[in-house]
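Survey of secondary and tertiary structure
So the chains spell out like this:
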Amino acid sequence: MYWCSGVIGTSVAYYLTRAGHEVTVVDRQPGAALETSYANAGEVSPGYSAPWAGPGVPLKAIKWLLMQHRPLVIKPMLDPAMWRWCLQMLANCTDGAYRVNKGRMLRLAEYSRDCLRALRDETGIRYDERAQGTLQLFRTQQQLDGLGKDVEILRQSGVPFELLDRDGIVKVEPGLASTQHKFAGALRLPGDETGDCFTFTQRLAKMAQDLGATFRFGVDIQRLEKSGERITGVHTDAGLLTADQYVLALGSYSTRMLAPLGLRLPVYPVKGFSITVPITDASCAPESTIMDETHKVAVTRLGDRIRVGGTAQLSGFDLSLADARRRTLEHVVTDLFPRGGDVSRAEFWTGLRPMTPDGTPIVGATSIDNLFLSTGHGTLGWTMAAGTGRVMADLISGREPEISLEGLGLARYGRAAATRAAAGGGLRPARA
Ligand SMILES: Cc1cc2nc3c(=O)[nH]c(=O)nc-3n(C[C@H](O)[C@H](O)[C@H](O)COP(=O)(O)OP(=O)(O)OC[C@H]3O[C@@H](n4cnc5c(N)ncnc54)[C@H](O)[C@@H]3O)c2cc1C
């Protein structure tokens, strides 16, 4: 079986190898997790699992676009895929769609956190992990008042949470003591965890190799070959590779690879940025993850570093680093933890979140007999990785997954997406 080596592909590879399958992973990078899984914000955050598309978001988006330290950036482009994706996302900004989507995301994210804990217990894998929750920080009373729907869904789904005043905030995050006057309150999700996704993926890849999986790094996949209703091979710059089953986990690049087969994947890259700051005074640094709701920036402790991640930028596959985005991340971390770290020594990074318009990933079988998808994990790929690996391994092994896959597959986008598009059934080469 073949797929790619971000956190999602590696997790699928690990669980499938463990289940006794013969597995080959193909990735264009020289190692695992060198694209979007490299320097994300580090949250394993089922409690915070929610689609970006929600009621009120279109209005908020206008405000975000006008802020100095803006969480949303849209580069006007003549890219029909981008505008189609935006329209699909807007269609999901209703009360009903939000509840359905959040419920689906929570189902996979909660299960995934449990799988991650079990994996840790079974293998002892270490990745600068902590299990001290997420603190969603609100600077205004209006933000706190708007929490009703999320709290109701958390309650219905049995996800533990606490509402904290300033004293409560400082108790769980003592590093915020000097800046507590800036906050109106917080929502704490004690079941959430944190950790370095890159270290995790690298170590999991090694564990999969030790179990017998083959990783072929530095190999670029050019196109999939299909005959009848089956994939018959993968054309790469190292020649044609064949297998009996194929899992596609190319993150944001999955859409282009599937288009020539006539599968329309509604996954679009949403660019994000992070800085990784060395800690200078641990008592003034975060303990876990703080999510600044005003700037939509997450600040996470990873060992002796602070990872600060955020911004949603629609600009296609462009991977350039913009100083303005760096300044926003620096502003948030120094505003919250002025003595925690040295931002002048920070490493600046960008990655493309593979986003679906409804926030929910696309996990499961396709209309092509031996092709499975594991993509579209958007803002929560690290959170959902272990659970995705586990359900995919169960599905491909012919076992009933431990959670329902209802609403997680491509079929939820209707027949047009899930079956061959009339004009696109051929095998045109796809560029990655
Ligand atoms: C700023 C930022 C902050 C984030 N914070 C969090 C967070 O706190 N918590 C969380 O859960 N998630 C977070 N995410 C999201 C998370 O990082 C992603 O959802 C996740 O990394 C996606 O993993 P993936 O394996 O699907 O994609 P990737 O990691 O991009 O993996 C895809 C792989 O496919 C390979 N590939 C692509 N095309 C080809 C080809 N043609 N041939 C060969 N190989 C190919 C690439 O080399 C890559 O290794 C964040 C993302 C960003 C950008």
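This section reports on the structure supplied with the text. (Residues numbered from 1 in each chain as written. Predicted model: local features only at pLDDT ≥ 70, side-chain atom pairs only at ≥ 80, totals over all residues. Heavy atoms only, no water.)

**Quick word on the site of the ligand**
The ligand sits among 35 residues. The nearest are D27, S37, E43, G378 and T383. Between the ligand and the protein, one listed contact pairs an oxygen atom with a backbone N or O atom of V7 at 3.3 Å. Between the ligand and I8, the relevant distance is 3.2 Å, taken from an oxygen atom to a main-chain nitrogen or oxygen of the residue. Taken by itself the ligand offers 1000 Å² of open surface, and the protein chains cover 98% of this. Ranked by residue count, the leading element in the shell around the ligand is helix α11 (residues 381–396), at three residues. Residue classes in the shell around the ligand are distributed as 14 nonpolar, 15 polar and six charged. (Near = heavy atom within 4 Å. Polar contact = N/O pair within 3.5 Å; in protein donor to acceptor, adjacent residues only side chain to side chain. Areas by Shrake-Rupley, 256 points an atom, 1.4 Å probe, with all protein chains shown as cover. Helix = DSSP H or I, 4+ residues; strand = E, 2+ residues; numbered from the N terminus. Nonpolar A, V, L, I, M, F, W, Y, C, P; charged D, E, K, R; others polar.)

**Notes on the nonpolar core**
Counting 43 residues, the largest nonpolar core has W3 and F200 as its most contacted members. Within the residue set of this core, elements represented by two or more residues are α1 (7–18), α4 (95–123), α8 (197–211) and α11. Of all the elements, α11 adds the most residues to this core, at eight residues. Residues within four places of W3 in sequence aside, it is in contact with G9, V12, A13, L16, V23, T24, V25, V26, V247, L248 and A249. Listed in part, the 26 residues of the second largest apolar core include V219, Y246, L250 and Y253. (Core = buried A, V, L, I, M, F, W, Y, C linked by side-chain atoms within 4.5 Å. Buried < 20%, exposed > 50% of the residue type's maximum accessible area, 1.4 Å probe, protein only. Contact = heavy atoms within 4.5 Å.)

**Topic: the sheet that holds strand β10 (residues 221–227)**
With respect to topology, three strands assemble into an open sheet ordered β10-β11-β12, the strand pairing being antiparallel. Every other strand in the sheet has two partners, leaving β10 and β12 (239–241) as the edge strands with one partner each. Pairs of neighbouring strands in the sheet enclose a mean axial angle of 30°, with direction left out of account. Inspection of the sheet shows strand β11 (residues 230–236) paired to β12 by three bridges, in the antiparallel sense. (Pairing = 2+ DSSP bridges. Axes fitted to C-alpha atoms, helices over the stretch in contact; angles between N-to-C directions.)

**Here we look at the side chain of S374**
Of note, S374 is situated in strand β20 (residues 371–375). For S374, a relative accessible area of 2% gives the class buried.

**A short note on the packing of aromatic side chains**
A complete count under the given rule lists 10 aromatic pairs for this structure. Here Y38 and W349 contribute two aromatic rings whose centre-to-centre distance is 6.4 Å and whose plane-to-plane angle is 50°, an arrangement assigned as tilted. Remark: W349 occurs in strand β18 (residues 347–355) and Y38 occurs in the loop between β2 (24–27) and β3 (43–44); sequence separation between them is 311 residues. On the accessibility criterion, Y38 (25% relative accessible area) is partly exposed. Looking at W349, the relative accessible area reads 13%, which means it is buried. Ring centres of Y253 and F317 lie 5.0 Å apart, and the angle between their planes is 45°; this geometry places the pair in the tilted category. Here Y253, found in the loop between β13 (246–248) and α9 (254–258), pairs with F317, found in the loop between β17 (305–314) and α10 (323–336); they are 64 residues apart in sequence, far enough to count as distant. When its relative accessible area of 12% is taken as the criterion, Y253 is described as buried. A relative accessible area of 24% means that F317 is categorised as partly exposed. A network of ring pairs unites the aromatic residues Y38, F198 and W349 as a single cluster. Looking at R28, its charged tip hangs above the ring of Y253, at a distance of 4.2 Å from the centre. (Phe/Tyr/Trp six-rings, centres within 6.5 Å; stacked < 30°, edge-to-face > 60°. Lys NZ or Arg CZ within 6 Å of the ring centre and 35° of its normal.)

**Re a nonpolar patch on the surface**
A cluster of nonpolar residues, L59, I62, L65, L66, I74 and W83, forms a patch on the protein surface that exposes about 600 Å² of accessible area. Looking at which element gives the most residues to the nonpolar patch, the answer is helix α2 (residues 57–66), with four residues. Inspection of the secondary structure assignment puts L66 in helix α2. (Patch = residues over 30% accessible without salt bridge, like charges linked within 9 Å, V, L, I, M, F, W, Y side chains within 5 Å. Salt bridge = Lys/Arg side-chain N within 4 Å of Asp/Glu carboxyl O.)

**Description of unusual backbone geometry**
The backbone of A33 shows a phi angle near 60°, a positive value even though the residue is not glycine. Along the polypeptide, A33 turns up in the loop between β2 and β3. One non-glycine residue, D128, lies in the positive phi region at around 55°. Its location among the elements puts D128 in the loop between α4 and β5 (134–138).

**Some thoughts on the packing of α4 against α11**
For the pair α4 and α11, interaxial distance at closest approach is 7 Å and the crossing angle is 85°. With respect to α11, the axis of α4 lies roughly perpendicular. In contact with M105, L108, A109, Y111, S112, R113, C115 and L116 of α4, α11 contributes T383, M384, A385, A386, G387, T388, R390 and V391. Residues belonging to the contact of α4 with α11 are distributed by class as follows: 10 nonpolar, four polar and two charged. (Parallel < 35°, antiparallel > 145°, perpendicular 65-115°, else oblique.)

**Quick word on the environment of Q209**
Position of Q209 among the secondary structure elements: in helix α8. Overall, Q209 belongs to the partly exposed group, its relative accessible area being 37%. Sequence separation between Q209 and R301 is 92 residues; the distance between their C-alpha atoms is 29 Å.

Such coordinate-based values are descriptive only and should not be taken to indicate function.
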